[in-house]
Amino acid sequence: MDFGFILSSAASEIFSPTTAAYALAALGLAVHFGYSGLLNFGQAGFMAVGAYGFAISTLTFGVPFFVGLLIAILASAVFALLLGIPTLRLRADYLAIVTIAAAEIVRYIVTTNQLTAVTGSANGLAAFEGGFYSMNPFPEGSYFGMNNRDFFIRVVGWALVALCCTLVWLLMRSPWGRVLKGIREDENAVRSLGKNVYAYKMQALIIGGVLGALAGMIFTLPRGAVQPANYGTELTFFLYTCLLLGGLGTVLGPVIGAMIFWVVLSLTQGILYGLIESGAITWLNTVQAGQLRYILVGVALMLLMIFRPQGVFGNKKELAFA
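Residues numbered from 1 in each chain as written. Predicted model: local features only at pLDDT ≥ 70, side-chain atom pairs only at ≥ 80, totals over all residues. Heavy atoms only, no water.

The name given to the chain in an unreviewed UniProt entry is Branched-chain amino acid transport system permease protein, with the source organism recorded as Pseudarthrobacter oxydans. Taken verbatim from the UniProt record of the chain, the Subcellular location (unreviewed entry) comment is "Cell membrane". (UniProt positions renumbered as here; feature names shortened; annotations may be inferred.)

Below, the structure written as structure tokens:
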């Protein structure tokens, strides 16, 4: 078993585009749940709306990259409004039910055969990333072992993560952010001070949803394809794992949590595959090993919740509302 290759493969996941996408989406969940107390179980739906909004506008209407980006952001804002208008005046569990159902509705809509010409149905859409890579300033060559396209998407993805983290940090230090934290702790008390709790919740839902839409775009651009199977309910649960690993009410927590999540997944897969190939494990095949790694991550998360429930960067004060 080549431990050097296993470790290098795991290390490469720290700054991969997929990790950046998970970090952005988990940051959106931090705005929703960590700072506002909004129990959103449909972040995968926001990612799908962003990815499909960009892909459809590019392929069907031939718009430039930045117009497609704007359409994806606007689509996520409209999606947040559709979810928030009927639910944000009700208890938090209603939002959880609506969001998880809405994310599945989005996934089933794009797989409808009648919309194959627009959404690609179950096969998804491809070849929409040309406008993005046409802006690549890096000439062909090797950059830290990557080609210029891989290096460009990593630079863009992590620059976007840094920018969004800075914006969220500034927002949460502002009076607006302090009101959000008050709503998380006791919205009736905030309402008694004359604040429009409904409006603040809606704004938080839209901001977190836009972060999810941006994450959906970063998630699909390296693949050059968007497929509905990638936006199942399990994606949202993986994002919550990243959020809980790093800490609920923090800005850097979701980013570190995403890094830990993908490094652990890569390590467990590499070790299990190596043990199977060497004959040390004979009661598993590679398909079963791929599922076992998620079980191991789940066990690790359970242990984390027992011994450090506030996450890596969180503090116990942030758990008071949960």
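Caption draft 1: Spotlight on the overall build of the chain. In terms of helices and strands, the chain carries 13 helices and two strands. In terms of overall dimensions, the chain is globule-like: its C-alpha atoms have a radius of gyration of 20 Å, near the 20 Å expected for 322 residues. Its C-alpha atoms put the chain at 65 × 50 × 40 Å along the principal axes. Long-range pairs, those at least 24 residues apart, make up 74% of the contacts in the chain with a sequence separation of at least 6. With the model as given, the accessible surface of the chain reaches about 15,000 Å², and the carbon-plus-sulfur share is 67%. (Helix = DSSP H or I, 4+ residues; strand = E, 2+ residues; numbered from the N terminus. Rg over C-alpha atoms; globule rule 2.2 N^0.38 Å. Contact = heavy atoms within 4.5 Å. Areas by Shrake-Rupley, 256 points an atom, 1.4 Å probe, with all protein chains shown as cover.)

Caption draft 2: A look at the pattern of salt bridges. Under the criterion given, the structure shown has five salt bridges. Here R107 makes a salt bridge to E104, at a shortest N to O gap of 2.7 Å. Of this pair, R107 and E104 both sit in helix α5 (residues 92-110), three residues apart, roughly one helical turn. One salt bridge connects R184 with E185, and the closest N-O pair in it is separated by 2.9 Å. Given a relative accessible area of 11%, R184 falls into the buried group. Judged by its relative accessible area of 41%, E185 falls in the partly exposed class. (Salt bridge = Lys/Arg side-chain N within 4 Å of Asp/Glu carboxyl O. Buried < 20%, exposed > 50% of the residue type's maximum accessible area, 1.4 Å probe, protein only.)

Caption draft 3: Spotlight on helix α2 (residues 17-35). With 19 residues, α2 should reach 27 Å at 1.5 Å per residue; the first-to-last C-alpha distance of 25 Å fits that figure. Bending of α2 peaks at approximately 30° at the position of L29. Judged by how many residues are buried, α2 sits mostly within the fold: 19 of 19 residues are covered. One or two residues past the end of α2 sits G37, with phi positive at roughly 75°. (Expected span 1.5 Å × (residues − 1). Bend = angle between axes of the 7 residues up to and from the residue.)

Caption draft 4: Structural context of the UniProt feature "transmembrane region" (unreviewed entry) in the chain. Using the residue numbers shown here, the UniProt feature "transmembrane region" (unreviewed entry) corresponds to residues 14-31, 65-85, 151-172, 204-225, 237-256, 263-284 and 290-307. Each end of residues 65-85 is marked by a C-alpha atom, and these two atoms are 30 Å apart; helix forms 100% of the span and strand 0%. The distance from the first to the last C-alpha atom of residues 204-225 is 29 Å, and the span holds 77% helix and 5% strand.

Caption draft 5: Spatial organisation of the packing of aromatic side chains. If you walk through the whole model with that rule in mind, you get 23 aromatic pairs. Pairing F65 with F66 gives two aromatic rings, centres 5.2 Å apart and planes at 75°, and the pair type is edge-to-face. Looking at F66, the relative accessible area reads 54%, which means it is exposed. Three or more aromatic residues joined by ring pairs make a cluster, and in this case those are F54, F65, F66, F128, F132, Y133, F138, Y143, F144, F151 and F152. Its end group placed over the ring of Y198, R89 keeps NZ or CZ at 3.8 Å from the ring centre. Against the face of Y133 rests R149, its NZ or CZ located 3.8 Å from the ring centre. (Phe/Tyr/Trp six-rings, centres within 6.5 Å; stacked < 30°, edge-to-face > 60°. Lys NZ or Arg CZ within 6 Å of the ring centre and 35° of its normal.)

Caption draft 6: Highlighting the packing of helix α3 (residues 43-61) against helix α10 (residues 197-220). Contact geometry for α3 and α10: axes closest at 7 Å, N-to-C directions at 60°. With respect to α10, the axis of α3 lies oblique. The way α3 lies across α10 gives a crossing that is right-handed. Counted together, Q43, F46, M47, G50, A51 and F54 of α3 and G208, G209, G212, A213, A215, G216, M217, F219 and T220 of α10 form the full contact between these two elements. (Axes fitted to C-alpha atoms, helices over the stretch in contact; angles between N-to-C directions. Parallel < 35°, antiparallel > 145°, perpendicular 65-115°, else oblique. Left-handed = near helix turned anticlockwise from the far one by under 90°.)

Caption draft 7: Up close: unusual backbone geometry. Although it is not a glycine, S121 adopts a positive phi angle of roughly 55°. Checked against the element boundaries, S121 lands in the loop between α6 (116-119) and β1 (125-126). Residue A127 is not a glycine yet carries a positive backbone phi of 65°. Along the polypeptide, A127 turns up in the loop between β1 and α7 (130-133).

Caption draft 8: Inspection of the environment of L243 at higher detail. Within the secondary structure layout, L243 lies in helix α11 (residues 233-246). L243 has contacts with A26, L29, A30, L248 and P254, leaving out every residue within four places of it along the chain.

Caption draft 9: Highlighting the packing of α11 against helix α13 (residues 286-307). Contact geometry for α11 and α13: axes closest at 11 Å, N-to-C directions at 35°. Of the two elements, α11 crosses α13, and the hand of that crossing is left-handed. Residues F238, T241, L244 and L245 of α11 pack against Y294, V297, L301, L304 and M305 of α13. Its residues placed into classes, the contact of α11 with α13 shows eight nonpolar, one polar and no charged. (Nonpolar A, V, L, I, M, F, W, Y, C, P; charged D, E, K, R; others polar.)

Caption draft 10: Examining a nonpolar patch on the surface more closely. A contiguous nonpolar surface patch, about 670 Å² in accessible area, is contributed by I295, V299, M302, L303, I306 and F307. Within the secondary structure, M302 sits in helix α13. (Patch = residues over 30% accessible without salt bridge, like charges linked within 9 Å, V, L, I, M, F, W, Y side chains within 5 Å.)

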